Structures are given as C-alpha cells and as structure tokens.
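# Summary of structural features
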Amino acid sequence: MELFERMKKLNAAHGPSGDEGGIRAVIQEMAAPYADEVTTDTMGNLIVHKAGSGPKVMFAAHMDSIGFIVTHIEEEGFLRVGRLGGISPKEAVYTPVRFKNGVRGCFVPEEKAEFGKLKLDECYLDIGVRSAEEAKKLIRVGDTAVYDTPAFQTGDAVTSPYLDNRISCAILLEALERVQNSPNDLYFVFTVQEEVGLRGSKTAAFAIQPDYAVAVDVTDVDDTPGSEKSGTVQVGKGAAIKVMDSSVICHPAMVELLDQNAREGDIPTQRDILRAGGTDAGAIHTTGAGVLTGGISVPCRYIHTPVETASLEDCEACIRLTAAFAQRPLKAL
Ligand SMILES: [Zn+2]
C-alpha cells in the first residue's frame, strides 16, 4: 500500500492514549498477512512477531495519539475536558474534534480568555447541543476525543493531525512487508500510552526482553521561519538517527550500527538530538538489565498541533533504514 494511503487509513482510526482499540484493530489487519503471530498484551500493545533464529530485535512505534477526555458536562451542554498527553490549548483551539462514537464538535476558548496564556480550563468542547440532558445522550464523562482534521499530501509534504505517531506506525508496517529473510527474531510493536509517559513500551520490552531495540517516532525540526536554529534536524534531509532526547542517550553501538546500515544502503540520514521530549526508547533501554536501544526519527514540523507536517522522502528513508536494520546479521548478546 502506498504510504500516504496507509497514513490516511491510520489517521481515520480512533486511538488517544488509553483508548487505542480502534487504531489497534486497523494495524492488526494490515500486519497480519506478514506476521507469524500477532498478539495483544494486557496493556493493549500490539505485538507483531516475525520469527527468526537470531537475536531478538524489537521495533517500537507508539500508536496512541494525544487527545481530550471529558471531565464535566455543563448545564448548557458544553463539555469540559482534561488532556491526554501534551496538548497545548493555544495550539489546539478552533479545531474540530470527533469522539469514538462519531459525535463531532469543536474545541474553543471562552469568550474572554487571553489567547497567549490560554489554559485548558478556559476552553471547552461544543458538540452542538443545548442542554446537559441532550449531551448525556451522546457523551459520558470519561469519553475521549481527537482532532478531526484531514490528512493531505502536497508534493513531497504530508500533513495530518497525528503524524505523531501514525506515520511511524505506517513506516513499521511498510518495513514489515519489505523484510524478506531476516536472520533475526523480529518484533514489531505498536505501543500504547506513550504520550502519557512511555507506559506501553515498558511492559512490552519486559515481556520480549529484546537484545536490540529501535524506537521509531517523530522528532522536532528547526527549519521554519523564526526558528532558533538550535536543533539538529531538518525536513527533507533524510531519516534522523537518534543520538539523544530527554528520555534516552542512545547506546553508541546502536548509533554506529544504524550509521553503517545507512552508509551501506546509501540512505540519506541526519543526526537527531531532541532537547525537549522523550520516546519509547527511554522506557525500553532501562528494561531488565538494559537493552541496546537506538531510534529512527521522522523529521516533523508543528508537532502536537492539528497540522503536523513531514516529508514523504524522509519517510521512505526511515522505511529503508528500518528494513535494513531488521535484516542486518546481528550478534546475540
Ligand atoms: Zn510521538
């Protein structure tokens, strides 16, 4: 399947942190024909196993997205919400949202709220009803909502509310299809609850006990007007090999192995140092007695807004690097 088409399908599925059933079902269907075994663990992680006789290699991409959770229904039918993951009200206002049951609405600020200092408590969801009674027929406290904006492609650019991290799920699925005869015992894991603290990958890594792990996620860029030019990554310069983020300092051996794969396969890469923000690599590398962990990052603009934007060529580089590492003859540790 073409990457953008796959991305659109993933984008349409419901899956904020803790409520990933919808997105899990879609990924499971896409992965099943290419796997020896597909399982779901207690936390809800989807574990896609492609068996091999060599060392265990775990690839992780979180399938949860940021979102809203209803905390209160007002007399007039407006909904107050809490946040699932790093939602910034200022970046999210005036965005359409949808619930799992199809109810739609918009996330808006109170009339007098000061835009620059906007707090979540000063915003609400308007689902088009006029009373709490009407609202309660559609929504319960605890229901979750996500951005309901489209995924679209403009030349090499792809924009969607949830490139973080559906684009990496699409990359893993594509790599899974391309891997032919790997000597390694491969686990492609689609994790839950990354956005609320790397929770799913922690238990998945504990169960799998991999020899090597690679987390695939988006990373921030500094190539837009007014940016401080303090980052390391730019859109269009290739797959970003993670060196560090606030959750992990990647094992130098892993950085070197990924570098080698890039050189051998003539895959364009750049180095990723994300100064604020973590990834599943953070939880995985300290599992058990420690796991050799690295990261492949997709350069992405406007992370955690409804218009996250990346380059399809960069994504292709990430797919090739993922597939190349999966097939690399690795030593058991
Ligand atoms: Zn992410």
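Details of the structure are given in the entry above.
Reference entry: report on the structure contained in this document. Predicted model, so just to flag it, every value in this text is computed and none were measured.

### Some details on the overall build of the protein
- Looking only at helices and strands, one finds nine helices and 18 strands in the protein.
- On the principal axes, the C-alpha backbone points of the protein span a range of 65 × 45 × 35 Å.
- Out of the 333 residues in the protein, the part that is buried amounts to 56%.
- Within the protein, contacts between residues at least 6 apart in sequence are counted, and of these 75% link residues at least 24 apart.

### Overview of a nonpolar patch on the surface
- On the surface, M244, I249 and I273 cluster together into a nonpolar patch covering about 270 Å² of accessible area.
- Among the secondary structure elements, I249 is positioned in strand β15 (residues 248-249).
- With a relative accessible area of 63%, I249 lands in the exposed category.

### Here we look at the layout of surface pockets
- Taken as a whole, the largest pocket spans an internal volume of roughly 650 Å³.
- Lining the largest pocket are 32 residues, with D220, V221, L274, A276 and I303 positioned closest to its centre.
- Only β13 (212-220) and β16 (269-273) provide two or more residues apiece to the lining of the largest pocket.
- If one sorts the elements of the lining of the largest pocket by residue count, β13 sits on top with four residues.
- Class assignment for the residues of the lining of the largest pocket results in eight nonpolar, twelve polar and twelve charged.

So, how was this worked out
- Residues numbered from 1 in each chain as written.
- Predicted model: local features only at pLDDT ≥ 70, side-chain atom pairs only at ≥ 80, totals over all residues.
- Heavy atoms only, no water.
- Helix = DSSP H or I, 4+ residues; strand = E, 2+ residues; numbered from the N terminus.
- Buried < 20%, exposed > 50% of the residue type's maximum accessible area, 1.4 Å probe, protein only.
- Contact = heavy atoms within 4.5 Å.
- Patch = residues over 30% accessible without salt bridge, like charges linked within 9 Å, V, L, I, M, F, W, Y side chains within 5 Å.
- Areas by Shrake-Rupley, 256 points an atom, 1.4 Å probe, with all protein chains shown as cover.
- Salt bridge = Lys/Arg side-chain N within 4 Å of Asp/Glu carboxyl O.
- 1 Å grid on protein atoms, 1.4 Å probe; cavity = no way out; pocket = protein on both sides within 12 Å on 5 of 7 lines; lining within 4 Å.
- Points joined across faces, edges and corners; volume = space filled by probe spheres on them.
- Nonpolar A, V, L, I, M, F, W, Y, C, P; charged D, E, K, R; others polar.

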